[in-house]
Amino acid sequence: MSLKLIHSPIKALVWKVEVEAGQPIEEYDPLIILESMKTEIPVDSSLSGIVREVLVKEGDSVEENQPLVSIEAAL
Amino acid sequence: MSWEKEVEELNRLKAMTAAMGGEAALERRRSSGRLNVRERIEKLVDADSFREVGALTGRPEFDEGGRVSNLAPGNLIFGRAKIDSRPVCVAGDDYSVVGSAGGATVPGKFAMCEKMANELRIPLVRLLESTGGNSRSLEQLGRTYIPQMEGWETVIENMGTIPVVALGLGPVAGIGAAKMVFSHYAVMVRERSHMFMAGPPLVARLGEVVTKEELGGAELQARAGGVDEVVDTEEEAFACAKRFLSYLPSSVYELAERTVPQDDPHRKDEWLIKAVPQERRRVYDMRRIIKSVFDSGSFMEMTQRYGASVITGLARLDGWPVAVMASDPYRYGGAWTAESNAKVERFVDFANTFHLPVVNLVDVPGFLIGRDAEMAGTIRSGARALSSVFQAKVPWCTVLVRKVFGVAGASHANHARYHYRFSWPSGDWGSIPVEGGVASAYRDEIAQAEDPDAMLSLIEARLNQVRSPFRAAMAFDCEDIIDPRETRPLLCEFANNVAKLREPGPVATALRP
């Protein structure tokens with residue numbers, strides 16, 4: 001099993017969490033929507049697999065490179 | 001009488017310097033998968049075009065009869081060559097010669113190489129791999145020395161005279177790192193090249209224990225704005241250098257050449273009509289728009305990892321080379337950060353230096369705001385970016401794709417010039433965006449309404465009508481609103497219109513690194 005962390009590309013607020021733990025996802029599925037400068041910045045999955053853990057909640061402020069979601073890669 | 005004997009001796013000596021640091025050192029490079037400096041030059045330039053300067057330089061040893069028994073070459077090889085049939089100057093560090101460290105330096109060679117490129121007005125490509133200063137050389141010298149930047153007056157002048165490309169192909173430390181950033185385009189090879197002011201052993205003395213990858217890896221330097229591109233192989237680095245030079249004149253005394261157009265200047269990509277989402281908060285792919293409106297396959301992005309809310313690069317319009325600036329809404333909604341500001345300043349000065357017309361695709365909600373942004377000195381770096389835009393004399397065309405707010409938004413062009421400017425119907429501008437402002441500005445009206453939510457929506461709808469770019473266009477605040485699909489034909493017309501306005505010669509505001 002390989003776990004991959006999806007990181008925040010920028011310092012921003014977590015506006016929406018689009019997934020929950022245990023949920024299967026495909027590559028390019030939106031995981032989190034960040035908000036910065038009145039713009040929604042979707043953070044998409046870079047791989048297919050299962051969401052293992054969502055590490056942030058709506059309203060959180062996150063730093064650049066902060067892990068947002070961990071994903072267990074599909075075999 | 002003939003000079004046959006002397007020519008034979010000349011060839012014997014040249015063979016000695018051509019052997020570089022010796023077979024053992026070269027074999028070590030081969031087995032680690034690294035090219036040697038002469039292989040690098042051969043792969044970079046047109047076949048058989050390299051003409052070495054100073055091929056005899058080195059440290060001679062003599063036998064009892066006074067004949068040269070060995071000639072240890074210096075650690076810099078340079079000469080004239082051609083890339084894509086155009087003359088260039090190439091300089092390569094020879095790492096096989098005692099790690100290319102300062103001790104094997106032949107005085108005057110580096111400075112003369114920079115001067116040759118400067119006076120012949122030809123681009124310079126530096127192939128860099130060196131460890132910088134070496135304490136051993138002090139013992140050989142028998143004294144210390146006051147550091148000074150020999151030849152640097154030309155290095156600095158070259159930034160405003162000829163295109164300079166620096167390729168980091170191995171470690172580049174100290175003065176090597178300085179040679180990297182004194183360039184218009186610097187490339188590092190991932191995992192092979194490390195760039196730092198001082199390496200891990202020296203840094204460890206400050207109590208910071210890091211690997212060379214952690215200290216000065218290619219990704220780190222690209223994110224820090226130290227270099228413009230990261231590639232996986234030396235061959236890719238050479239390809240980047242060639243491509244970069246293909247957009248530029250040989251010096252500021254010439255103009256970049258048009259290539260035979262490969263794409264229809266009247267091409268109108270249908271999807272551009274829906275490229276920008278109706279919902280203002282939604283992001284979209286600016287790079288796809290760039291690829292659509294410039295000549296197909298012509299966009300070469302530079303400095304992608306640094307100041308990422310601004311996209312910069314080179315492209316062609318109907319064959320004419322142009323400089324491209326655009327916003328990336330995925331990064332802070334396109335807001336200008338302190339890093340973006342520095343990137344804009346350097347890029348606009350670069351475009352102006354080489355007389356490349358600028359096309360600016362704008363979606364700027366302002367400078368990045370907040371305490372961190374204030375601490376980063378965003379307003380001062382922003383002021384420098386604005387200055388570079390206003391001081392640029394090159395033709396300039398703006399396409400307002402979406403947001404234009406605040407001082408950063410206003411920096412999209414020099415407003416004192418003719419506004420060669422178009423807006424898409426998605427244009428949205430002002431000093432402060434409407435969102436968020438309505439609830440406070442109309443607090444009483446909303447509170448007293450029977451249905452406050454409906455009232456809020458009503459007021460927002462009213463304001464959004466005022467917000468229509470058509471109203472600004474009716475007041476001639478915006479000169480022209482266009483169907484997004486017409487963008488490419490209009491930009492091609494721009495490039496053809498302004499080609500004759502480009503003026504060769506040095507500019508007053510040549511860039512600093």
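Reading the values: the criteria
- Residues numbered from 1 in each chain as written.
- Chains lettered and ligands numbered in written order.
- Predicted model: local features only at pLDDT ≥ 70, side-chain atom pairs only at ≥ 80, totals over all residues.
- Axes fitted to C-alpha atoms, helices over the stretch in contact; angles between N-to-C directions.
- Helix = DSSP H or I, 4+ residues; strand = E, 2+ residues; numbered from the N terminus.
- Parallel < 35°, antiparallel > 145°, perpendicular 65-115°, else oblique.
- Left-handed = near helix turned anticlockwise from the far one by under 90°.
- Contact = placed C-beta atoms within 7 Å.
- Nonpolar A, V, L, I, M, F, W, Y, C, P; charged D, E, K, R; others polar.
- Expected span 1.5 Å × (residues − 1).
- Buried ≥ 20, exposed ≤ 12 C-beta atoms within 10 Å, placed from the backbone.
- Arc of directions from axis to C-beta.
- Pairing = 2+ DSSP bridges.

Caption draft 1: How the structure looks around the packing of helix α3 (residues 37-44) of chain B against helix α11 (residues 234-246) of chain B. Residues and elements named next belong to chain B. α11 packs onto α3 with a crossing angle of 45 degrees between their chain directions and a minimal axis gap of 10 Å. Judged by the angle between their axes, α3 and α11 are oblique. With respect to the hand of their crossing, α3 and α11 are arranged in right-handed fashion. Residues R40, K43 and L44 of α3 form the contact with α11, whose participating residues are E234, E235, F238 and A241. Split by residue class, the contact of α3 with α11 holds three nonpolar, no polar and four charged.

Caption draft 2: Local environment of helix α4 (residues 109-120) of chain B. Residues and elements named next belong to chain B. In this model, α4 (12 residues) spans 16 Å end to end at C-alpha, consistent with the 16 Å of a helix rising 1.5 Å per residue. Restricting attention to buried positions, one finds in α4 the residues K109, F110, C113, E114 and A117. Projected down its long axis, α4 carries its buried residues within an arc of 140 degrees, all on one side. In the core, the buried residues of α4 are packed alongside β4 (76-83), β5 (86-93), β6 (124-130) and α6 (152-158). Positive backbone phi, at 55 degrees, marks R121, one or two positions downstream of α4.

Caption draft 3: Up close: the pairing of strand β2 (residues 12-17) of chain A. All names here are of chain A. When β2 meets strand β7 (residues 61-62), the two strands line up antiparallel, connected through two bridges. Along β7, the bridge assignment pairs L13 with S61. Sheet analysis places β2 next to strand β4 (residues 30-36), joined by four bridges and oriented antiparallel. Residue pairing for β4: L13 is matched across the bridge by E35.

Caption draft 4: Region of the structure containing the interface of chain A and chain B. The interface is formed by eight residues belonging to chain A together with 13 residues belonging to chain B. Sort the elements by how many residues they give to the side of chain A that touches chain B and strand β5 (residues 39-44) of chain A lands first, with four residues. By residue class, the composition of the side of chain A that touches chain B is four nonpolar, two polar and two charged.

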